[in-house]
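# Structural description and commentary
Spelled out from the first residue to the last, the chains are:
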Amino acid sequence: MTFRNLGLSSDLLRAVADQGYTEPTPIQQQAIPAILQGRDIFASAQTGTGKTAGFTLPLLHRLKTTNPTKSHRTPRALILTPTRELAAQVSDSVKTYGKYLPLRAAVVYGGVGIQPQIQTLSRGVDILVATPGRLLDHLEQKTLDLSQIEILVLDECDRMLDMGFIQAIRKILAALPRSRQTLMFSATFSKPIQQLANTLLKSPTLIEVAPRNAAAEQVEQVVHPVDRDRKRELLSYMIGTHNWQQVLVFTRTKHGANRLAEQLAKDGLKTAAIHGNKSQAARTRALNDFKQGKVRVLVATDVASRGLDIDQLPHVVNFELPNVPEDYVHRIGRTGRAGSEGRAVSLVCSDEHAFLKDIERLLNRTFSKDVIPGYEPTSPAQTKTDQPNSKQPNQHRRRTKPQTQSTPSRSKKPTSAGTRDRKQIRTA
Ligand code: AMP
């Protein structure tokens, strides 16, 4: 199967080739032909499956081939996303895949000034990527006309509902023409999502390519039991010992993210934090610094991380397990993307056991626990493999020197092959 077989125009095939993609991913193989035929689609696909190109490529193809571009441009395609970061990334993808087409794309989201967005919109746009809140501001201020929309994409729909955007979405829908093509993407097919789909979609093509569990299988997953108050120490130790150069670390709270980032910085690791309290400029800067390697550790909360597209991120660390098991799958979806291998490490203390059980239930797997020598948890209830070691307090001191036999050379990027000695999740 090649992109050429899918019926995309040569301008798009060129842009895809520039990206180095040789084969369409499963979601692309299913979604692209259906969208090109003008069908509505209802797709269960999470980030990392190639879904963005899966809707962007056929959307661009249809805009190019169905109607000639008018002289005064009002948007013909609208892509709604839950977060600013995702909106920015989708907009980048639209520009990347559409670089050989005479179509204009713009992105609008909150947290930044509205005036430059008004100017961009007034110059004319073909494809608009937006978060619901700011889009609604534009509609209310009458700085945007959505009456010419031909294609609507709802990306990460479940997250938009989780974030309370349903009213905003309803108002936006009311401003759109009834006759249009609608593409809905959601990681889950929960009842509210299905209800929304029933009201929005006309005889949709159902696509379910990456059940949540399958995506998680690409990623090598490790659980390290450890006491809560030694997690930070263990994390610094692991980053140093394995010479990890790009690590995304998840905490449950904004406060926890800040505190951890400060502590890791004190350990000499270049660290940044992203969460909902940070300004958009600070979040974008932190993400760019991380992508460019200026920042080695990025500490994030679940909402802030949603949809982050960081190519081939080698390491994700759950510093704290999420209390919503689905978030675990979203988190580890940051690594091992589009076929590349990745590794997810969870540092789990005794009071997180219920969360761990929920995740195991969701994935239908049992995690084997890998206790790191010197970081044995003191709580006997922690795991079957625990070896409480409270009589040897010295073992709990921070290791200042990594064990040489497990330290990769500085220049060598750690690979999952080099870490296979670690126990992995095993199917129950
Ligand atoms: P997405 O699920 O849209 O967030 O995409 C995940 C990652 O896969 C992005 O970094 C894309 O650049 C990449 N990607 C998308 N399609 C392909 C493909 N056909 N082959 C290889 N990588 C791809």
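On a predicted model such as this, the values are computed, not experimentally measured, just so you know.

## As for unusual backbone geometry
Notably, K142 is not glycine yet its phi reads approximately 55 degrees, a positive angle. Take K142: it is sitting in the loop between α6 (132-140) and β5 (151-154). K142 gets classed as exposed once you look at its relative accessible area, which sits at 73%. We note that N243 has phi near 55 degrees; this positive angle belongs to a residue other than glycine. With respect to the secondary-structure elements, N243 resides in the loop between α11 (231-242) and β9 (247-250). Judged by relative accessible area, which is 3%, N243 ranks as buried.

## A few points about the pattern of salt bridges
Applying the stated criterion to the full structure yields 22 salt bridges. The shortest N-O distance in the salt bridge between D162 and R159 comes to 3.9 Å. With D162 and R159 both in helix α7 (residues 157-162) and three residues apart, the pair spans about one turn of that helix. Judged by its relative accessible area of 58%, D162 falls in the exposed class. Notably, a salt bridge pairs R159 with D327, separated by 3.3 Å at the nearest N-O pair. Of this pair, R159 sits in helix α7 while D327 sits in helix α15 (residues 325-332), and the two are 168 residues apart along the sequence.

## Here's the deal with helix α5 (residues 115-123)
The α-helix advances 3.6 residues per turn, and as a result positions three or four apart in sequence lie on the same side. Within the span of α5, buried status applies to Q117, I118 and L121. Buried residues of α5, seen end-on, are gathered within an arc of 100 degrees and therefore sit on one face of the element. Opposite the buried face of α5, at more than 90 degrees from it, the exposed residues are S122 and R123. For α5, the elements touching its buried residues are β3 (105-108), β4 (127-130) and α6. Positive backbone phi, at 100 degrees, marks G124, one or two positions downstream of α5.

Reading the values: rules and limits
- Residues numbered from 1 in each chain as written.
- Predicted model: local features only at pLDDT ≥ 70, side-chain atom pairs only at ≥ 80, totals over all residues.
- Heavy atoms only, no water.
- Helix = DSSP H or I, 4+ residues; strand = E, 2+ residues; numbered from the N terminus.
- Buried < 20%, exposed > 50% of the residue type's maximum accessible area, 1.4 Å probe, protein only.
- Salt bridge = Lys/Arg side-chain N within 4 Å of Asp/Glu carboxyl O.
- Arc of directions from axis to C-beta.
- Contact = heavy atoms within 4.5 Å.

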